[in-house]
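Observations on the model geometry
Residue strings, one per chain:
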Amino acid sequence: MASTSTTFEIPTAAPGVLASDALRDPKVRERMSPVAVKLFLKLSDLWRLAVDQRRSLLGDISKPTYHNWQNGKIGTLTRDQLERISLVLGIHKGLKLLFADESSAARWLTSPNRDLPFGGVSPLDRALRGSIDDLYAVRRYVDAWRGMK
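Of regular secondary structure, the chain possesses 7 helices and 2 strands. Beginning at the N terminus, the succession of helices and strands in the chain can be written as β-β-α-α-α-α-α-α-α. Here the chain holds 149 residues, and 38% of them are scored as buried. Across the chain, the fraction of contacts at a sequence separation of at least 24, relative to all contacts at a separation of at least 6, is 50%.

Here we take up the pattern of salt bridges. Summed over all chains, the structure comprises 8 salt bridges. Across the pair Glu 102 and Lys 96 runs a salt bridge, and its minimum N-O distance is 3.4 Å. The exposure class assigned to Lys 96 is partly exposed, which follows from its relative accessible area of 48%. Between Asp 134 and Arg 126 there is a salt bridge, with the nearest N and O atoms lying 2.6 Å from each other. For Asp 134, a relative accessible area of 8% puts it in the buried group.

A word on the packing of aromatic side chains. Going through the model one piece at a time under the given rule, you end up with 6 aromatic pairs. Ring geometry for Trp 108 versus Tyr 141: centroids 5.9 Å apart, planes at 15°, classification stacked. Of this pair, Trp 108 sits in helix H5 (residues 102-110) while Tyr 141 sits in helix H7 (residues 132-145), and the two are 33 residues apart along the sequence. On the basis of relative accessibility, which here comes to 13%, the residue Trp 108 falls in the buried class. The structure contains a cluster of three or more aromatic residues connected by ring pairs, namely Phe 99, Trp 108, Phe 118, Tyr 141 and Trp 145.

Another point: the confidence of the model for the chain. Mean pLDDT over the chain works out to 89, with 87% of the residues at or above the 70 mark. For residues 1-6, every residue scores under 50 in pLDDT, and the model assigns this stretch 0 contacts once sequence neighbours within four places are set aside.

Parameters at a glance
All residue numbers here refer to positions counted from 1 along the written sequence of the relevant chain. Restriction of local features to residues with pLDDT of at least 70 applies here, the model being predicted, together with a cutoff of 80 or more for giving and counting side-chain atom pairs; totals for whole chains, interfaces and linings are based on all residues. Based on all heavy atoms of the structure, the side-chain values leave hydrogens and waters out of the count. Think of it this way: any DSSP run of H or I at least four residues long counts as a helix, any run of E at least two long counts as a strand, and we number them from the N terminus. Buried means the residue's accessible area, taken with a 1.4 Å probe over protein chains only, is under 20% of the maximum for its type, while exposed means over 50%, and partly exposed covers the values in between. It only takes one pair of heavy atoms within 4.5 Å for two residues to be counted as in contact. Any Lys or Arg side-chain nitrogen found within 4 Å of a carboxyl oxygen on Asp or Glu counts as a salt bridge. Only rings of Phe, Tyr and Trp enter the pairing, Trp through its six-membered ring, and a pair is recorded when the two centres are within 6.5 Å. The plane angle decides the type: under 30 degrees is stacked, over 60 is edge-to-face, the rest tilted. Values of pLDDT, which run from 0 to 100, indicate the predictor's confidence residue by residue.

So this is what it looks like as structure tokens:
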């Protein structure tokens, strides 16, 4: 007897690489949302971010929405929210590869930086400006520093 599977596969372009249009699919976003929020909250705790900073990184979500997420009431995130969380997680991963310990990574993230993308503000301050472009700028910088293209 053939079994029918109700599992839902997340579309990938290569092993471990999400297909470029995958986040357009509400089912994909629904499946990824709870895990993404849990990872974001853990990382935000590690970075010791205030609630308003967390909300800013997430695209200025409302306080009630943020508190619902904290309490496990997570709906389906938007494509923008999932991209933002992905960028934050990518920044963290890059810093883990660049620095031997969390305290050095945190110091770099929160210290003023005169390099072009930061103009004297810390990478975290640049990311907290609220635009997804600011998150991309920090992520691209970390990736370039690691020698990635």
